[in-house]
Amino acid sequence: MPDVTVAGSASEATRNGQPQQVDVAVVGAGFAGLYLLHRLRKAGLTAVALEEAGDVGGTWYWNRYPGARCDIQTIDYSYTFDPELESAWKWSEKYATQPEILRYLGFVADRYELRRDIRFGTKVTAANWDEATERWQLATDNGAAVACRYYIMATGCLSAPKPPEIDGVKDFKGEVYFTGRWPHEEVKLAGKRVAVIGTGSSGIQAIPLIAEQAAQLTVFQRTPNFALPAHNGPPPADRMALLEGDRATYREQARWSLAGVPWPQQTAVSWQLSDAERRERFERAWAAGDLVHILTQLWADQGVDVDGNALVAELLREKIRATVMDPETAAALSPHDHPFGAKRPCLDTNYYATYNRPNVTLVNLRQEPIKEITASGITTDKRTFDIDVIVFATGFDAMTGAIMAVHPITGRGGRSLSDVWANGPQTYLGLTVAGFPNLFMITGPGSPSVLSNMAVSIEQHIDWVADRLIAMREAGFTTVEATETAQAGWARHMADCATLTLHRLANTWYTGANVPGKAWGVMPYTGGVGPYRSICNEVASRGMLGFRLTGPGVAEQCNDGEVVRLQPDVRLVLGMLEQMNLPPIESLGAEGARDFVNQFNKARPPGRPVGEVIDGTLQGAEGPLPYRLYRPATPGPHPIVVYFHGGGWVLGDEQSDDPFCRDMCRRSGMIFVSVGYRHAPEHRFPAAAEDGYAATCWIAEHAAELGGKAGPVMVAGWSAGGNIAAVTCQLARDRGGAQISGQLLVCPVTDCTFDRPSYNENATGYFLTRSLMDWFWDSYCSPAERTDPRVSPLRGKLENLPQAVVVTCEFDPLRDEGVAYAEALAAAGVPVEQLKARGHFHSSLTMVDVVITGVSGRAQMANALRRFAGLPLERRQGEEGAAPGLTAPPREIDAAAG
Ligand code: NA7
């Protein structure tokens, strides 16, 4: 397709030397720029797109290297805004080639006559916010400047190629190509000695085709990547049937899915499946040749848990070993330094088999880094390669490069975006930046973008922005700007989401680690497309939460705040509970409530395997009580933790916190004995407290019989169980009973008053409600009994109690009484550690394998128990955050070249 030259729209302005005046200026005419023009035009806004290339296409204009294809199935990687467009275009392949995608974008540009508003061959060289006129002033390298109300970066995430950072590139006398800037003319490689540097998606797509042409191909690999055969061909019949069966539903499901492609949510976790079942699922995914499938459909823990992920990674490495004949080459091609999916996996056609060709050599830069590029070739630490052509497939300054590095953007008060982002990109929703009014980014850092089907994310972003501009026009607003509060909240939410996934455990372009000196951080939004969409909708429905809006003659509007304060998985859990529209538990009566809890618990993921689980009977205060013992798989004897389950003294039993007990047993390496104490209303105060104390004495006396270490025990409990654990410590001290070396109190009930702020702030909406607590108290105690320290331990004597860890959750009615107890213990001279779980609710830390962001909290609790028992602390990869919500620190990327 011949390139189009500068469109006519700027010519008049150019002639009279005036800036071109438009409502909206857009940078880029790729997937995003084209749809923007269409949407803005439909909204009655004047717009111009400024595009450096000679035609539409964006990334698909530049990336013309051999083998370039999309890696999301093309039926999904398409516009969906117009059903007629969908029926007017048929993709010929499952993964279309670059020329076909470019033809598609040209077809769209023609169909909606978009080219008339695009100035091709035009680069923006500077963008300044003019406070006086409240417009962006853009300088360009071709034709008129532009003045616009709104400035929208539709620059893509992978459009600023990264310099090769290898000494001597300029000295090389042969041909040099970059995959991201491939020539339009045919590149002849036949009979030549070709080097490819880089084995990301571009390298992996190009290498097999280059190998077929070149006399000799040498691949210089720094980090091996996981690749999956694309099994290209016509669009698969099963996916086509799904799409064509009900196109509207299919598209809608994509919009609310996690990755922007409709696949069901997996519920089975890896340890529930046998080796054969896992292999069967894996082989099905391997045969499907689909990244979203293999990344989401194997088992539920593959993307969030290092152990669940390691199982996939090993199956993939097995495939590499089975394909590549030379074991040394196979080993070099096998990734070991990152979880599968943490770095963008690739789709390939004959990639691994290419290394069986006699004309292909793999150079492992981890073993022999490139020293320099010379006039005639490439020299490593060990050898010299004579080369005619070098292909750099070295990637991009991703996500921020195209926005920040391409031209200076100066916002309010003369602040430049590069300064504001010097320590990493800061955005609100990935769409806007505080201090840069009326500036929007499509798929910017902080948006699901590259972790999603871009086509779906682009349409969502653009629809949201266009709808906001229309609403502002109707209300008379002319400026919109994110607040610092909202932006800081988004950064926190981004970090919380990143804790949930394994992306933080790899050095990749997602984290900026591929560009020397770039600030480290997970740049795309990892919370998923559907949750992101609902958050954007919430921002709009809550009066543009986190934005300041101004306009002539209208009062300023600023509904400041953070849109998501809950941990992302807590938000999902609470959202699901809300949708279930459950009756208040307290309205069910004790029996009804117990049935409900049993049913509810049946639906949760099972606990993980431990060494042994034994059910038995112990002696309580007034008779036998059941217990369940969890023993670690490691050799004993182990220290013993006496555990009291939650349930408001009314609900639950020795099995009801099963996943939590298993998890804590595994993490701490200790025996957990969960006690089935008596319940109210059948057994009212002080039955539960007395049982707690009696059970602890019995367990301490029978430690050896139970296979535990003789000596002091520890006590732990959640909610009302935390109350029993705290009370047990006071009784043991006063009555000279069991020796207790430490107490772990998770969201404990410590006092009978409801007047602390958390009881009002979190009275409803966070599962444990104020009225449920009211019912629990009424069931267990008369008003006169409530101040007794055996149920309100905060009112007891606190000196000389065992050291403690008190865990509280931000969105829990019990938060403040937990904090009060910790503070009172400290004031009484008891060594106490407080763990405050930000963004969590009452059940967060016990909902194992549901609230994944609770992992680091449980890791810290287990370490506290180990400290109580005098054992060394444990560190597991990916769980070392200092508090729930913290991301792991970056690791150094090895310098393998230059
Ligand atoms: P990627 O995925 O960033 O890959 C770039 C590759 O180049 C990767 O293997 C890098 O190794 C390697 N590289 C980069 N710099 C050097 C130097 N200096 N020396 C040696 N090797 C180097 O970019 P792609 O274009 O392949 O793919 C980008 C995305 O486009 C892709 O994920 C799809 O979404 C589409 P490293 O891993 O950094 O050690």
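Higher on the page you've got the structure.
It should be emphasised that the depicted structure is a prediction, and the values quoted were computed from it without experimental measurement.

1. Quick look at the overall build of the chain
What the chain contains, in helices and strands, is 27 helices and 29 strands. A globule of 898 residues ought to have a C-alpha radius of gyration of about 29 Å, and the chain, at 31 Å, matches this closely. Taken along the three principal axes of its C-alpha coordinates, the chain extends 95 × 75 × 55 Å. Sorting the 898 residues of the chain into buried and exposed places 61% on the buried side. Put simply, 74% of the contacts in the chain that link residues at least 6 apart link residues at least 24 apart. With the model as given, the accessible surface of the chain reaches about 33,300 Å², and the carbon-plus-sulfur share is 52%. A gap of 2 Å separates the mean positions of the 83 positive and 102 negative side-chain charges of the chain.

2. Quick look at the sheet that holds strand β21 (residues 554-558)
An order of β19-β20-β21 is seen for the three strands of this open sheet, with the pairing classed as antiparallel. Either end of the sheet is taken by a strand with one partner, and the two such strands are β19 (479-482) and β21. Each strand of the sheet is rotated relative to its neighbour by a mean of 15°, with strand direction disregarded.

3. Looking at the pairing of strand β28 (residues 804-811)
When you tally the buried positions in β28, you get eight out of eight residues, the bulk of the element. The sheet contact formed by strand β27 (residues 740-746) and β28 spans four bridges and is parallel. Bridging from a neighbouring strand, Val746 pairs with Val807 of β28. Here β28 runs beside strand β29 (residues 832-841); their pairing, made up of seven bridges, is parallel. Bridge pairing in β29 links Thr808 to Lys836.

4. So, the state of the cysteines
Enumeration over the complete set of coordinates arrives at zero disulfides. In this model Cys157 remains outside any disulfide bridge; the closest cysteine sulfur is found in Cys536, 15 Å from its own.

5. A few points about the packing of aromatic side chains
Each aromatic ring pair is described using two quantities: the centre-to-centre distance and the angle formed by the ring planes. In this structure the tally under the stated criterion is 41 aromatic pairs. Here the aromatic rings of Tyr177 and Trp182 are separated by 5.3 Å at their centres, their planes lie at 40°, and the arrangement is tilted. Each member of the pair Tyr177 and Trp182 is classed as buried. Three or more aromatic residues joined by ring pairs form one cluster here, namely Phe31, Tyr35, Trp60, Tyr77, Tyr79, Phe81, Trp89, Trp91, Tyr104, Phe107 and Tyr112. The ring of Trp263 carries the charged tip of Arg239 above its face, separated from the ring centre by 4.0 Å. Its guanidinium or amino end placed over the ring of Trp464, Arg468 lies 5.1 Å from that ring's centre, counting from NZ or CZ.

6. Section: the sheet that holds strand β7 (residues 175-178)
Here five strands make up an open sheet; going across it, the order is β7-β16-β8-β9-β12 and the pairing parallel. Two strands in the sheet have a free side with no partner beyond their single neighbour: β7 and β12 (360-364). Shown here is a sheet whose adjacent strand axes are inclined to one another by a mean of 20°, direction ignored. Two elements, strand β8 (residues 193-197) and strand β16 (residues 389-392), share four bridges in a ladder whose sense is parallel. In the strand pairing of β16, Val194 is matched with Val389. Along the sheet, helix α6 (residues 201-213) contacts β8, β9 (216-221), β12 and β16; its crossing angle with β9, the most-contacted strand, is approximately 155°.

7. Observations regarding the pattern of salt bridges
Following the criterion strictly, the structure yields 54 salt bridges and no others. Across the pair Asp71 and Arg344 runs a salt bridge, and its minimum N-O distance is 2.8 Å. Here Asp71, found in the loop between α3 (59-62) and α4 (83-88), pairs with Arg344, found in the loop between α12 (327-333) and β11 (346-348); they are 273 residues apart in sequence, far enough to count as distant. Looking at Asp71, the relative accessible area reads 15%, which means it is buried.

8. Re the environment of Leu37
Inspection of the secondary structure puts Leu37 in helix α2 (residues 31-42). Look at Leu37 and you get buried, because its relative accessible area is 2%. Between the alpha carbons of Leu37 and Arg115 there is a distance of 9.4 Å; along the sequence they are 78 residues apart.

9. Let's talk about the site of the ligand
Around the ligand there are 23 residues in total, and Lys162, Ser202, Arg222, Thr223 and Lys343 lie nearest to it. Interatomic distance of 2.8 Å between a side-chain N/O atom of Lys162 and a nitrogen atom of the ligand. With respect to the ligand, the side chain of Ser202 contributes an N or O atom lying 2.5 Å from an oxygen atom. Coverage of the ligand by the protein chains reaches 91% of its 780 Å² of free accessible surface.

10. Here's the deal with unusual backbone geometry
Ala680 connects to Pro681 through a cis peptide bond whose omega is 0°. Here the residue pair Phe685 and Pro686 is connected by a cis peptide bond, since its omega of 5° sits within 30 degrees of zero. Here Pro686 lies in the loop between β25 (671-675) and α22 (687-701). Even without being a glycine, Phe767 presents a positive backbone phi close to 70°. Checked against the element boundaries, Phe767 lands in the loop between α24 (757-761) and α25 (770-780). Given a relative accessible area of 28%, Phe767 falls into the partly exposed group.

11. Regarding the environment of Leu114
Note on placement: Leu114 falls in the loop between α5 (98-111) and β3 (118-119). Leu114 gets classed as buried once you look at its relative accessible area, which sits at 0%. For the pair Leu114 and Ala455, spaced 341 residues apart in sequence, the C-alpha to C-alpha distance is 18 Å. Those residues in contact with Leu114, other than ones at most four positions away along the chain, are Leu34, Leu37, His38, Arg41, Val108 and Ala109.

12. Quick look at the environment of Leu295
Note that Leu295 resides in helix α10 (residues 291-296). It is 28 Å that separates the C-alpha atoms of Leu295 and Met664, two residues lying 369 residues apart in sequence.

Reading guide: rules and limits
Residues numbered from 1 in each chain as written. Predicted model: local features only at pLDDT ≥ 70, side-chain atom pairs only at ≥ 80, totals over all residues. Heavy atoms only, no water. Helix = DSSP H or I, 4+ residues; strand = E, 2+ residues; numbered from the N terminus. Rg over C-alpha atoms; globule rule 2.2 N^0.38 Å. Buried < 20%, exposed > 50% of the residue type's maximum accessible area, 1.4 Å probe, protein only. Contact = heavy atoms within 4.5 Å. Areas by Shrake-Rupley, 256 points an atom, 1.4 Å probe, with all protein chains shown as cover. Lys, Arg positive; Asp, Glu negative; His and termini not counted. Charge placed at Lys NZ, Arg CZ, Asp CG, Glu CD. Pairing = 2+ DSSP bridges. Axes fitted to C-alpha atoms, helices over the stretch in contact; angles between N-to-C directions. Disulfide = S-S within 2.5 Å. Phe/Tyr/Trp six-rings, centres within 6.5 Å; stacked < 30°, edge-to-face > 60°. Lys NZ or Arg CZ within 6 Å of the ring centre and 35° of its normal. Salt bridge = Lys/Arg side-chain N within 4 Å of Asp/Glu carboxyl O. Near = heavy atom within 4 Å. Polar contact = N/O pair within 3.5 Å; in protein donor to acceptor, adjacent residues only side chain to side chain.

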